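# A look at the structure
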Amino acid sequence: SGISASHRGRLWKVLSGADDIKAKAGLSYHDLLQSFDNQEMLDIISKDVQRTCIEVPYFRDGTGSILLSNILKAFCTYNPKLGYIQGMSHLGAFILLTLRNNIVVGGDGSESIGIDAYEFDDFCFWTFSAIITNRIGKYFEVGMAELLDDSTILSDVVDKFAAPEISNVLKGVDFEWIYITPSWFVNMFFDSTIPSVALHIWDIILWGHDRVEVVLYWFILGMLEKNKGILSKCKDLQEVIDALKTIALEVPDLEAISGAKVASLAQIQEFLITTQIEDMNEAESVPVSTKKVSNWVSRFQFFGGNN
């Protein structure tokens, strides 16, 4: 069932590495916020925040929206190279709501988590920044190179571990994973599954598996296996895309995925490492750019090749 709701916020802060990046930053959250001075970026942030989670009272009444906007502005100062990318507002809102669930309503009806509002803002900012920096920042990079790369690798993973009939259906309609992975990978499924499932996925990633794509691949393999009957009936590309969106939303819990006969996290990781080594060996006799070699080496190390 994942981390208990009463402990999730504080554990996410610790597990994400928020305390480490805060210590190395040299500036406080409030210093970063006060240093923000980019009108063009402010206009983009304001526009996105105004349409983020408007159905949720915490954001609709302005309380959450103000904090979310401030966090996004401070992040632009903290990481000017990445800055604000569309989609971060929804990610930030999900994190804010999750952390806020640790708030206990006191006897007088006031809300308290043992820290004042000033500290809570700081708590949320560094957790958000750490999750972007240490986990999924690569998916926000301009050009989406890593997103494209991991989508291509997902195709190899599915060919290797999924039932043959699934691969046949996908290939038969010329399906490419990049058609659907932007919404799945960038947000780590938080807006593509029911909240309890999304939280559990994030728990796994933050608790002990910082190789984000391995967890995402495992979850997708489980979905495919549990719903291969539905996918096998799809006759064209649009039906496949619609079916994938639907089955993601209908996953009741991660126990359903764990119960599917799919590869384990360790098996997927081993396959990825082996594949990268083979690619590197094949490349030795082929002239390639320094940038490409750097990418192979970086990915091999990312998957544990330097241990």
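Heads up: the structure comes first, above all this text.
All values derive from a computational prediction rather than experimental measurement. Per-chain numbering applies: the sequence of each chain, read as written, is numbered from 1 onward. Residues qualify for local features only when their pLDDT is at least 70, as the model is predicted, and side-chain atom pairs are given and counted only at 80 or more; totals for whole chains, interfaces and linings, by contrast, use all residues. Remark: hydrogens and water are excluded; side-chain values derive from all non-hydrogen atoms of the structure.

### What to know about the overall build of the chain
Under the convention used in this document: To qualify as a helix, a DSSP run of H or I must reach at least 4 residues; to qualify as a strand, a run of E must reach at least 2; elements of each kind are numbered from the N terminus. Each residue's exposure class comes from its accessible area (1.4 Å probe, protein chains only) as a fraction of the maximum for that residue type: buried when under 20%, exposed when over 50%, partly exposed otherwise. Residue contacts are defined here by distance: any two heavy atoms, one from each residue, within 4.5 Å place the two residues in contact. Areas reported as accessible are Shrake-Rupley estimates using a 1.4 Å probe. Residue values count occlusion only from the protein chains shown.
From N to C terminus, the chain includes 18 helices and two strands. Burial analysis of the chain (307 residues in total) assigns 49% to the buried set. Contacts spanning at least 24 positions in sequence make up 76% of the contacts within the chain whose residues lie at least 6 apart. For the chain, the exposed area adds up to about 15,100 Å²; of that, 53% sits on carbon and sulfur atoms.

### What about empty space enclosed by the protein?
Going by this rule: Here a cavity denotes grid points, spaced 1 Å and computed from the protein atoms alone, that fit a 1.4 Å probe unable to get out, and a pocket denotes an open set having protein on both sides within 12 Å along at least 5 of 7 lines; residues with an atom within 4 Å of a point are the lining. Grid points are joined across faces, edges and corners, and a volume is the space filled by probe spheres set on the points. Side-chain classes follow a simple rule in which Ala, Val, Leu, Ile, Met, Phe, Trp, Tyr, Cys and Pro form the nonpolar group, Asp, Glu, Lys and Arg form the charged group, and the remainder, Gly included, forms the polar group.
Inspection of the entire model under this criterion finds one cavity of 30 Å³ or more. Taken together, Phe-161, Ala-162, Ala-163, Ile-166, Leu-221, Leu-224, Glu-225, Lys-261 and Val-262 make up the full set of residues lining the largest cavity. Among the elements that line the lining of the largest cavity, the one with the most residues is helix α13 (residues 212-226), at three residues. When the residues that make up the lining of the largest cavity are grouped by side-chain class, the tally is seven nonpolar, no polar and two charged.

### Some thoughts on the side chain of Arg-135
Which entries qualify depends on this criterion: A 3.5 Å cut-off defines polar contacts: any pair of N or O atoms within that distance qualifies, except that in protein one atom must be a possible hydrogen donor and the other a possible acceptor, and neighbouring residues in sequence count only when both atoms are side-chain atoms.
Take Arg-135: it is sitting in helix α8 (residues 117-136). Take Arg-135: its relative accessible area is 11%, and that puts it in the buried class. For Arg-135, the side chain forms a polar contact with the main-chain oxygen of Leu-15, separated by 3.4 Å.

### Concerning the environment of Lys-13
Of note, Lys-13 is situated in helix α1 (residues 5-16). Of the residues examined, Lys-13 reaches a relative accessible area of 14% and is grouped as buried. Separated by 117 residues in sequence, Lys-13 and Ala-130 place their C-alpha atoms 8.1 Å apart. Among the polar contacts listed, one links the side chain of Lys-13 to the side chain of Asp-19, at a separation of 2.5 Å.

### A short note on helix α6 (residues 63-78)
Selection criterion: Expected span of a helix: the number of residues minus one, times 1.5 Å.
A rise of 1.5 Å per residue sets the reference length of α6, with its 16 residues, at 22 Å; its end C-alpha atoms lie 23 Å apart and thus fit the reference within 8%. Most of α6 sits out of view: twelve of its 16 residues are buried. Looking only at α6, the buried set comprises Gly-64, Ser-65, Leu-67, Leu-68, Ser-69, Asn-70, Ile-71, Leu-72, Lys-73, Ala-74, Phe-75 and Cys-76.

### Notes on unusual backbone geometry
Its identity as a non-glycine residue notwithstanding, Asp-174 has a phi of 60°, on the positive side. Considering the arrangement of structural elements, one finds Asp-174 in the loop between α10 (164-172) and α11 (181-186). Residues other than glycine seldom take positive phi values, yet Phe-189 does so here, at roughly 70°. Looking at where Phe-189 falls in the secondary structure, it is placed in the loop between α11 and α12 (195-208).

### Concerning the nonpolar core
Keep this limit in mind: Working definition of a nonpolar core: buried Ala, Val, Leu, Ile, Met, Phe, Trp, Tyr and Cys residues. They are joined through side-chain atoms within 4.5 Å.
In this structure, Trp-177, Trp-184, Phe-219, Met-223 and Leu-244 are the most contacted members of the largest nonpolar core, which totals 94 residues. Of the residues forming this core, the biggest block, eleven residues, is contributed by α13. Setting aside chain neighbours within four positions, we find Trp-184 in contact with Trp-177, Phe-189, Ser-192, Ile-220, Met-223, Leu-244 and Ala-248.

### Brief notes about the packing of aromatic side chains
Put simply, the test is: Note on ring pairs: Phe, Tyr and Trp rings are taken, using the six-membered ring of Trp, and paired if centres are within 6.5 Å. Classes follow the plane angle, with under 30 degrees stacked, over 60 edge-to-face and the rest tilted. By definition, being over a ring means that NZ of Lys or CZ of Arg is both within 6 Å of the ring centre and within 35 degrees of the ring normal.
Within the structure shown, the criterion is met by 21 aromatic pairs. For the pair Trp-12 and Trp-202, a centre-to-centre distance of 5.3 Å together with 25° between the ring planes defines the contact as stacked. Taken together, the residues Trp-12 in helix α1 and Trp-202 in helix α12 connect sequence positions 190 residues apart. Residue classification places Trp-202 among the buried positions, given a relative accessible area of 0%. Look at Phe-175 and Tyr-179: their rings are 5.9 Å apart centre to centre, the planes differ by 80°, and that puts the pair in the edge-to-face class. A relative accessible area of 43% means that Tyr-179 is categorised as partly exposed. One aromatic cluster is present, formed by Tyr-29, Phe-75, Tyr-78, Phe-125, Trp-126 and Phe-128 through successive ring pairs. Over the face of the ring belonging to Tyr-58 we find Arg-100, whose NZ or CZ atom lies 4.0 Å from the ring centre.

### Quick word on helix α15 (residues 237-249)
Counted only if it meets this: Directions drawn from the helix axis to the C-beta atoms are what define this arc.
Along its 13 residues, α15 runs 19 Å from first to last C-alpha, staying within 8% of the 18 Å computed at 1.5 Å per residue. Residues of α15 that are buried include every one of Val-240, Ile-241, Ala-243, Leu-244, Ile-247 and Ala-248, and no others. Buried residues of α15, viewed axially, fall in a sector of 160°; they line one side. The elements touched by buried residues of α15 are α10, α11, α13 and α14 (228-231). N-cap assignment for α15: the residue whose side-chain oxygen lies 3.3 Å from the backbone N of Gln-238 is Asp-236.

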